[in-house]
Amino acid sequence: MAAPLVWRCIYGSYAPENLSRKRMEARNAAQAPEVSSKLRKKRSGKATQTHERTCLVRGVKPNSLTLLRALKAFADRGSMDDALYVFEKMNRSETYIWNVVIRGLFSSGLFQEAIEFYYKMENEGVRSDNFTFPFVIKACSELLCLVEGQKIHAKLIKKGLDLDVYICNFLIEFYAELGLIELAEKVFKGMDVKDMVSWNSMVSGYQAVGDGLSSLICFREMLDMRKKPDKFSMISSLSACSMEDFLRSGKEIHCQAIRSGLELEIMVQTSLVDMYGKCGEVNYADRVFSRIFSRNIVAWNAMIGAYSLNAHHLESLSCLKRMQEEDNLIPDNVTMINLLPSCSQLEALLIGKSIHGYTIRRNHVPHIVLETALVDLYGKCGVLKLAECVFGQMHEKNLVSWNAMISAYVQNGRNGEALDLFQDLWHVHHKPDAVTIAGILPAYADLALICECKQVHAYIVKSELVPNTFISNSIMYTYAKCGDLQSARKIFDHMIYKDVVSWNTIMMSYAIHGFGATSIQFFSEMKEKGLEPNRSTFVSLLSSCSISGLVDEGWEFFSSMKTQHGIDPGIEHFGCMLDLLGRTRNLDAARHFVEEIHVVPTARIWGSLLAASRKSNDVVLAELAAREIFSLEHDNTGCYVLLANMHAEAGRWENVKRIKYVMEKNGISKTIGCSTVEISGKRHRFINQDKSHTQKNTIYDVLDIVLREDRYVHSLNKFRPEDLIKRRAKSPETHSAKLAICFGLISTEVGNPVIVRKNTRICENCHNSGKKISQFTKREIILRDSKMFHHFRDGSCSCRDYW
DNA sequence: ATAGGGTTAG
């Protein structure tokens, strides 16, 4: 290892312990295999022997051509200890030899040392020239050290070297590398003479900071100046096109490439494949790719990426075989990284696992990107254990890795773990980005964590993620799912750019709250604005109709899907229509509908039928539907409970017993029903007959007052002494929902709605009470059960008593 | 004597 000797040469006994953290990082980076393959090649060129260089300098005149050649040779091949040994024997007043050493140090990855060597040069009064600075500046950009670079920049101005084309080009790159594109621009604009490198650096600089538009504008300007783009300009500008989804500009550049003959450059061809892939034109990508004369691994990888990105997953996987057979190429890390999303999408766990095995056998791991893709794969395939395993064993994690793991938890319904991980994220000093937020929000929505949702919303505003439509849509739906339809609406109204998803989301928000008519209004408004509805739009729309019982409208929209919008109804739409049929209590029609649709019914379809049969008390149909559901997902707790309740209501106790036995056998326990209400960030939880709350006396007093009338009517109609004893124990009068509502009433201000969350379906008794309490107290009560929202207002519910 | 390179996870 050269470094310590270099240090001795420069600083005598100066110990490397004094190295700053940054310097150490830079040095480690220089030694890391992925960074320094070029360097290693240089270093391991020839083993240097001490006596060789000793012989070399003995009796040779300082700065003779021999020494100069030796210095340059050592520096060029990265033998910096040898180079410095020679340097020490030379006359140090000459600028040239310093420049050689600085360049050598830089090429060996000794960036900090290169900079310090320059300062040593200044201190010794040696004149620096235009050849000195490029690599000093580049060292600063490698170390991402702004202050140092700006000091050098200031010196350049003083020395009058700041107009040198080479130096300016390096400065542009330096500022672009640090993301300070405005400063790069300033240097660029101040140049008297610009060469191709200047223009290309600017085009690629804009592209590197994610500003594809400016990159293309700069490219255009360059054309206007009658500069002929070279392959580097092409590569950067094509990348800018894919970034902004500018297919047209991409095609224009493609034409220029053909005209200038650059189309035959493999790198340009690869960039074209990539551009077409990212702009959604996989067929063009395919065409360019098939015309590449000698395809290398990068080109194959780009093609695989294009297939994968455009959901041509089978094609992307088949490339794995093709690249080996047709071109005799060995897949690398990038190949695997591009293939894994296809495996995730296809839920091809087995292929994914063999890729994982392959990468281990070929020593491709640890690799942060690869491992993150694996976390994603295992998450999407539902094997959380493996996702956790890969994530846990990662040597190094970045925000993307964390995001993948958080999403994996959320996608598998493990909201608690997702929230814990989200908390941990802050402790390892990662700041959540748009993807983190989009990943975690469904967990908040699911758990109805309104307070956390507000916190995240505040964070979004603070971190200026607001104009991001994607995030706004997500937070809008979270508010809606947390029961706060008002806030959801506010976000929708304030969105500058609303896409189809925004409209679908607001429609669905109103639908789950039972306001189907409003949802339909949004649909017409959306069409007026000229937006074309998609499949999901119709899910929102048909759900609205079924939830609000708008039967005729539902059928009309259903048929217009195909006739007016050319969308073939899918299973998700059939489900909505089945719900609609269930509402009309026309079970025969519903049964026929299931037979007519030419798809294999899913658990969701049978669930709709089950719900419909419950409403009509058709136990036979219910049993049929339930059996189908159990064959698909044997652990559907809600389904067992519903069936048992139906039998209980019909008085068939032997069936109730049978179901309970099956549940026990399958290890399924009834979910304990609980209701929660959130008061200033604290969640208060109630179970049936709960007496554990600190304010239990007040709560029960309130319950007594608001339900007095209810109980009176109840007892007149159905008074049977033997029931009374039974009821005492399991009285619906003290169900968790009622307790939560009462606590909500006394803990919130008049004028605000009481928001209650229940983990299981609300029972009929509580539903009736909800309506009555809303009338009696003149308060709005919003209750979310396992299916939907109930807005109780003035004695009626938004669900119109169907849920 | 001075230089830049395409494919990479959610």
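If you're wondering where the values come from, they're calculated on a predicted model, not measured in any experiment.

Caption draft 1: Highlighting the protein's contact with DNA strand B. Taken together, 41 residues lie near DNA strand B, and Val197, Asn200, Met267, Asn403 and Val435 sit nearest. Near the protein, within 4 Å, the atoms of DNA strand B are sugar or phosphate in 32% of cases. In the environment of DNA strand B, a base nitrogen lies 2.3 Å from a nitrogen or oxygen atom belonging to the side chain of Asn200. A distance of 2.8 Å separates a base oxygen of DNA strand B from a polar side-chain atom of Asn301. Taken together, the residues of the surface near DNA strand B break down into 19 nonpolar, 13 polar and 9 charged.

Caption draft 2: Examining the environment of Arg604 more closely. Looking at the element boundaries, Arg604 is found in helix H37 (residues 603-615). You can call Arg604 partly exposed: its relative accessible area is 39%. For the pair formed by Arg604 and Glu142, sequence separation is 462 residues and the distance between their alpha carbons is 55 Å. Sequence-distant contacts of Arg604, that is, excluding residues within four places in its chain, are made with Gly575, Cys576 and Asp579. Side chain to side chain, Arg604 and Asp579 meet in a polar contact 3.2 Å long.

Caption draft 3: Highlighting the state of the cysteines. If you walk through the whole model with that rule in mind, you get 0 disulfides. Here Cys453 is not cross-linked by a disulfide; its sulfur's nearest cysteine counterpart is in Cys482, at 4.9 Å. On the accessibility criterion, Cys453 (0% relative accessible area) is buried. A disulfide-free cysteine, Cys766 has its sulfur positioned 3.7 Å from the sulfur of Cys763, the nearest such atom.

Caption draft 4: Expanded view of the layout of surface pockets. What the second largest pocket holds in volume is close to 740 Å³. As for the second largest pocket, its lining consists of 34 residues, of which Ile450, Lys454, Asp484, Pro753 and Ile755 are closest to the centre. Those elements that place two or more of their residues in the lining of the second largest pocket are helix H28 (450-462), helix H30 (485-494), strand S1 (674-679), strand S3 (754-758), strand S4 (781-784) and strand S5 (789-793). A class-by-class count of the residues in the lining of the second largest pocket yields 15 nonpolar, 10 polar and 9 charged.

Caption draft 5: Structural detail: helix H19 (residues 297-309). The end-to-end C-alpha distance of H19, which contains 13 residues, comes to 18 Å, matching closely the 18 Å that a straight helix rising 1.5 Å per residue would cover. Listed in full, the buried residues belonging to H19 are Ile297, Ala299, Trp300, Asn301, Ala302, Met303, Ile304, Gly305, Ala306, Tyr307 and Ser308. On the buried face of H19, the contacting elements are helix H17 (266-278), helix H18 (282-290), helix H20 (313-327) and helix H21 (333-346). The backbone nitrogen of Val298 has a side-chain oxygen 3.2 Å away, supplied by the residue at the start of H19, namely Asn296. In the stretch just after H19, Ala311 is the one whose phi turns positive, near 65 degrees.

Caption draft 6: View of the pairing of S1. With 6 of 6 residues buried, S1 is to be regarded as a mostly interior element. Side chains Cys674, Thr676 and Glu678 project from S1 onto one buried face, and the interleaved Ser675, Val677 and Ile679 project onto a second face that is buried too. Summarising the sheet, S1 and strand S2 (residues 682-687) pair through 6 bridges and their orientation is antiparallel. Across the sheet, residue Val677 finds its bridge partner in S2, namely His684. Where S1 hands over to S2, the hairpin turn is made up of 2 residues, of which Ser680 adopts a positive phi near 35 degrees. The pairing of S1 with S3 spans 3 bridges and is classified as antiparallel. By the bridge assignment for S3, Thr676 is matched with Arg757.

Caption draft 7: Representation of the UniProt feature "repeat: PPR" (unreviewed entry) in chain A in the model. Annotation from UniProt places "repeat: PPR" (unreviewed entry) at residues 94-128, 195-229, 398-432, 499-533 and 534-569. Helix makes up 74% of residues 94-128 and strand makes up 0%, while its end C-alpha atoms are separated by 9 Å. Secondary structure content for residues 534-569 is 78% helix and 0% strand, and the end C-alpha separation is 11 Å.

Caption draft 8: Region of the structure containing empty space enclosed by the protein. Summed over the entire model, instances satisfying the criterion amount to 3 cavities of 30 Å³ or more. In this structure, the second largest cavity spans a volume of roughly 40 Å³. Around the second largest cavity sit Leu578, Asp579, Gly582, Ser608, Ala611, Ala612, Lys787 and Tyr802, which together line it. Of all elements in the fold, only helix H35 (571-583) and H37 reach the threshold of two or more residues within the lining of the second largest cavity. Considered class by class, the residues forming the lining of the second largest cavity number 4 nonpolar, 2 polar and 2 charged.

Caption draft 9: Seen up close, the sheet that holds strand S6 (residues 796-797). One open sheet accounts for 6 strands, arranged S2-S1-S3-S4-S5-S6; its pairing is mixed. The two strands at the open ends of the sheet, each matched to only one other strand, are S2 and S6. Sheet contacts for helix H44 (residues 764-777): S4, S5 and S6; angle to S5, the most-contacted strand, approximately 35 degrees.

Caption draft 10: Expanded view of the packing of aromatic side chains. Overall, the coordinates contain 28 aromatic pairs when judged by the stated rule. Arranged with centres 5.0 Å apart and planes meeting at 55 degrees, the rings of Phe174 and Tyr175 form a pair that is tilted. Members of the aromatic cluster, connected to one another through ring pairs, are Phe492, Trp503, Tyr510, Phe515 and Phe522. The ring of Tyr85 has Lys89 lying over it, and the distance from NZ or CZ to the ring centre is 5.2 Å. One cation-aromatic arrangement involves Lys691 over Tyr700; the distance from NZ or CZ to the ring centre is 5.4 Å.

Definitions and cut-offs
Residues numbered from 1 in each chain as written. Chains lettered and ligands numbered in written order. Predicted model: local features only at pLDDT ≥ 70, side-chain atom pairs only at ≥ 80, totals over all residues. Heavy atoms only, no water. Near = heavy atom within 4 Å. Polar contact = N/O pair within 3.5 Å; in protein donor to acceptor, adjacent residues only side chain to side chain. Nonpolar A, V, L, I, M, F, W, Y, C, P; charged D, E, K, R; others polar. Helix = DSSP H or I, 4+ residues; strand = E, 2+ residues; numbered from the N terminus. Buried < 20%, exposed > 50% of the residue type's maximum accessible area, 1.4 Å probe, protein only. Contact = heavy atoms within 4.5 Å. Disulfide = S-S within 2.5 Å. 1 Å grid on protein atoms, 1.4 Å probe; cavity = no way out; pocket = protein on both sides within 12 Å on 5 of 7 lines; lining within 4 Å. Points joined across faces, edges and corners; volume = space filled by probe spheres on them. Expected span 1.5 Å × (residues − 1). Pairing = 2+ DSSP bridges. UniProt positions renumbered as here; feature names shortened; annotations may be inferred. Axes fitted to C-alpha atoms, helices over the stretch in contact; angles between N-to-C directions. Phe/Tyr/Trp six-rings, centres within 6.5 Å; stacked < 30°, edge-to-face > 60°. Lys NZ or Arg CZ within 6 Å of the ring centre and 35° of its normal.

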